[in-house]
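Geometric and topological summary
Read off the chains here:
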Amino acid sequence: MRHWSWIWAAVTAALQAQAQNFMHWTALGFGLGIAAYFGVSREPGVAVFWAVSLSAGLCAGVAVRLRNGIARLLIVIAVAVAGFSWSQYRAYSVSGPVLSERFYGAVQGRVIGIDRSLSEKPRLTLDQLVLGALPQHVTPNRLRVALHGSSQESLPQIGDIVQLAAHLAPPPGPAEPYGYDFQRQAWFARLGAVGYTRSPVMLWRAAPVERDGLTVQKWRREIGAHIAAHMPARSAGVAVAITVGDRMYLDRDVQQTLRAANLSHLLAISGLHMGLLTSLVFFFTRALMSCLPYLILNWPIKKIAAVISMGVGAAYLLLSGASVATERAYIMAFTIFAAVLLERRAVTLQALSITAILVLLLRPEALLGPGFQMSFAATGLLIIVFNGMSQWTWVARWPGVATYFMGSVVSAAVAGLATAPIAAVHFNTLPHYGILANVIAVPIMGFVVMPSAILAAVLAPFGGESLGLWGMAIGLGAILDVARHVADLPYSISHIKAPPPKVLGILAVSVLFGIFWQGRLRLLACIPAALALALWVHFPRPDVLISGDGRLVGVMVQGSRVLNRAKGTGFVARSWLENDGRPISQKAAHGAMPSWVEIVGKGAHPVQPCEKLLVVVQDWRSELVCGGFDLGRLATAGGVAGWFDKSGRLHWTTVRATIGHRLWNSAELRFTNSHHSTDRKPP
């Protein structure tokens, strides 16, 4: 009995020591609950929702009575369980019809968004849809259609009701098992169909002058078009992206150059932009009010400047499109200025934890996106490092220029270190000279571009925005020059293969445990982190990949992926090659299949006898032979990947098996998980 009492006392004391980081653990628990919801293979039912919700309430009730370290643990558990149920509620709240099969015909809808696709084609997002004779109860709430050919000659305006003939399909699933799941993203964006059109887009009714709920989107579109028309084309796309969050005018080459130089974060309206804007407004407002002695003596000018900065930040949030990164940045800025009003310390990990909880309450699905992950990782590590540096008394004796330069270098290094694993997971890239590029580019953004943008906004009502746009063009031109020079340096970027599932989650939880835990147990976080990195390095890419439509086959030959087609199914091919860590063109990857692979094309007869390891049948009329896949099995599987084991046995994993049966793929619940194996060893 004494033995158990000693253990109970030790556990209670260890938990009590975590009191100062209670808010951090609460945010981590909420995130783990959200991750658990998205990680289950089957959609939880209503009974699970109520059981989980009641469990959260029970844990919270017991915690109120205990009031000790165990109570805090129970609260964290309650918050984690609440994160699970809240994510489930959010998923059901955005539910809507999803196109169940391909559709070609007349489409009518209201334009609520205009952007560009990955193929650089204009793309419309429509709501208030009418799809031919399709019943309204199965018509999606929204769809996205890319414009090809003559359809892109004249674009409609936000709010216009248009008609067109479009090829539509349900949102596609991952390109390979454990790949990026666009179906899930489309579900939370309320997109029930995607497609393209080659016919002209006809205006059925122009956007009304009165309010129609799209006023902000119209302003964003008009501001972006005005900036693009009055700035050089080279820098206009970046200017529009950082002011209104619209990448319609941004060239792919510019995006790739910025990514290679680790400057792509400048395109996302996040903490850097929001911080620069609100801090500049705060500084100039306070400076102007300080010029009047009466205001200094009779008004709290510091708090007035904070309130004005909050308002300007809110306006910027609306005009920028309110992305996840911008929401996080504004909530953080709001917290800082609220602390100014309350005369409290603002830039702390506790404030960041509160911000994370608020962002996830608005959009639980944001946890899985690179914007949320990179934004919070960079901000959190910067807070930790600079709080530690504030204790260095010798830094205070440095000249102001030297202190600023050291701060810039440290900021770039810390932010790059925090975001590097996340960028490698999501984008398969690892820039080598990001610190150099950021040390030069970030000050230009802070001292030239953002002040010029503020000047343009202030002078715009008087028709004098040209001066501010001229300053933005100079600053952005310099940033693009820096990006180009850095990207052209030898070995400027490494391409990383995609990690196995859950690796990033294990790394994140390990690092956060090591930061939050008070005591020597934090050192244990190194073990799962090291194992996750080792698994990433040694986990092999699939030896065989087959697309869901049976058109594309990729086989690993001496460490390189060989594709059976030089063109067609380009998105899937690009995804495979990027995940391999070899983002070459599909044409360059095209080659002859190995002798142990046989592909039977349309109208051909099956190969007899079964001498080949694999036969992919691309025609419904062909017979299934020798462990192959016909179109029916591939459509059921959604695409397959195969790995050879040491004995030469080829094990198959399907897309369907990895994505499970969830709300966002419920239209395909008739399909069953499938695993196959073939006992033939390659020569």
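Refer to the structure presented above.
So, a few notes on the structure that sits alongside this text. (Residues numbered from 1 in each chain as written. Predicted model: local features only at pLDDT ≥ 70, side-chain atom pairs only at ≥ 80, totals over all residues. Heavy atoms only, no water.)

1. Overview of the overall build of the protein
Within the protein one finds 23 helices and 16 strands. When burial is assessed residue by residue, the protein has 46% of its 683 residues classed as buried. Contacts spanning at least 24 positions in sequence make up 67% of the contacts within the protein whose residues lie at least 6 apart. Carbon and sulfur atoms make up 64% of the accessible area of the protein, which totals about 33900 Å². (Helix = DSSP H or I, 4+ residues; strand = E, 2+ residues; numbered from the N terminus. Buried < 20%, exposed > 50% of the residue type's maximum accessible area, 1.4 Å probe, protein only. Contact = heavy atoms within 4.5 Å. Areas by Shrake-Rupley, 256 points an atom, 1.4 Å probe, with all protein chains shown as cover.)

2. Quick look at unusual backbone geometry
Unusually for a residue other than glycine, Gln128 sits at a positive phi of about 50°. Along the chain, Gln128 turns up in strand S2 (residues 122-131). In this structure Gln128 comes out as partly exposed when scored by relative accessible area, which is 47%. We note that Asn262 has phi near 60°; this positive angle belongs to a residue other than glycine.

3. Comments concerning the environment of Asp246
Relative to the elements of secondary structure, Asp246 occurs in the loop between helix H7 (233-244) and helix H8 (252-260). For the pair formed by Asp246 and Arg116, sequence separation is 130 residues and the distance between their alpha carbons is 9.5 Å. Every residue in contact with Asp246, bar those within four places of it in the chain, is listed here: Ile114, Arg220, Arg221, Gly237, Val240 and Ala241. Polar side-chain contacts of Asp246 include one of 2.9 Å to the backbone nitrogen of Met248. (Polar contact = N/O pair within 3.5 Å; in protein donor to acceptor, adjacent residues only side chain to side chain.)

4. A closer look at the pairing of strand S4 (residues 161-169)
Regular strands show a simple pattern: their side chains alternate between the two faces of the sheet. As paired strands, strand S1 (residues 103-116) and S4 are joined by eight bridges and run antiparallel to one another. Looking at S4, one finds that Tyr104 is bridged to His167. Pairing of S4 with strand S6 (residues 202-205) involves three bridges; the strand directions are antiparallel. In the sheet register, Gln163 faces S6, and the bridge partner there is Met202. The pairing of S4 with strand S5 (residues 193-197) spans three bridges and is classified as antiparallel. Within S5, the residue paired with Leu168 across the bridge is Gly195. (Pairing = 2+ DSSP bridges.)

5. Remarks on the environment of Asn21
Its location among the elements puts Asn21 in the loop between helix H1 (2-16) and helix H2 (22-39). In this structure, the C-alpha to C-alpha distance between Asn21 and Leu349, residues 328 residues apart in sequence, is 8.9 Å. One polar contact links the side chain of Asn21 to the main-chain carbonyl oxygen of Phe516, over a distance of 2.6 Å.

6. Quick notes on the pairing of strand S10 (residues 553-557)
Here three bridges tie strand S9 (residues 544-546) to S10, and the two strands are oriented antiparallel to one another. Across the sheet, Val544 pairs through a bridge with Val555, a residue of S10. The loop that links S9 with its antiparallel partner S10 comprises six residues; one of these, Gly550, has a positive phi angle of about 75°. Counting the residues in the hairpin turn of S10 and strand S11 (residues 560-563) gives two residues, including Gln558, whose phi is positive at 55°.

7. Examining the packing of H8 against helix H17 (residues 465-487)
To describe two helices that pack against each other, one gives the angle between their axes and the distance between the axes. Their axes nearest at 8 Å, the elements H8 and H17 cross at an angle of 65°. The pairing of H8 with H17 is recorded here as roughly perpendicular in orientation. Where H8 crosses over H17, the two elements pack in a sense that is left-handed. Two secondary-structure elements touch here, H8 through Val254, Thr257, Leu258 and Ala260 and H17 through Leu480, Ala483, Arg484 and Ala487. Class assignment for the residues of the contact of H8 with H17 results in six nonpolar, one polar and one charged. (Axes fitted to C-alpha atoms, helices over the stretch in contact; angles between N-to-C directions. Parallel < 35°, antiparallel > 145°, perpendicular 65-115°, else oblique. Left-handed = near helix turned anticlockwise from the far one by under 90°. Nonpolar A, V, L, I, M, F, W, Y, C, P; charged D, E, K, R; others polar.)

8. Observations regarding the pattern of salt bridges
One pass over the structure, following the stated rule, counts ten salt bridges. In this structure, the salt-bridge partner of Arg662 is Glu43, at a minimum N-O distance of 2.8 Å. Here Glu43 lies in the loop between H2 and helix H3 (46-66) and Arg662 lies in the loop between helix H23 (655-659) and strand S16 (677-678), a separation of 619 residues in the sequence. A residue is classified by how much of its surface remains accessible, and Glu43, at 18% relative accessible area, is buried. One salt bridge connects Asp115 with Arg123, and the closest N-O pair in it is separated by 3.0 Å. Residue classification places Arg123 among the buried positions, given a relative accessible area of 19%. Through salt bridges with shared partners, one network takes in Glu176, Arg541, Arg561 and Asp580. (Salt bridge = Lys/Arg side-chain N within 4 Å of Asp/Glu carboxyl O.)

9. Notes on the nonpolar core
One finds Met231, Val238, Leu263, Met445, Met472, Leu476 and Ile479 to be the most contacted residues of the largest nonpolar core, which totals 51 residues. When contributions to this core are tallied by element, the ones reaching two or more residues are H7, H8, helix H9 (271-290), helix H11 (301-319), helix H12 (324-342), helix H16 (434-459) and H17. Setting aside chain neighbours within four positions, we find Leu263 in contact with Leu258, Ala437, Asn438, Ala441, Ile479 and Ala483. Within the second largest apolar cluster, 29 residues are counted, among which are Phe84, Trp187, Met332 and Ala356. (Core = buried A, V, L, I, M, F, W, Y, C linked by side-chain atoms within 4.5 Å.)

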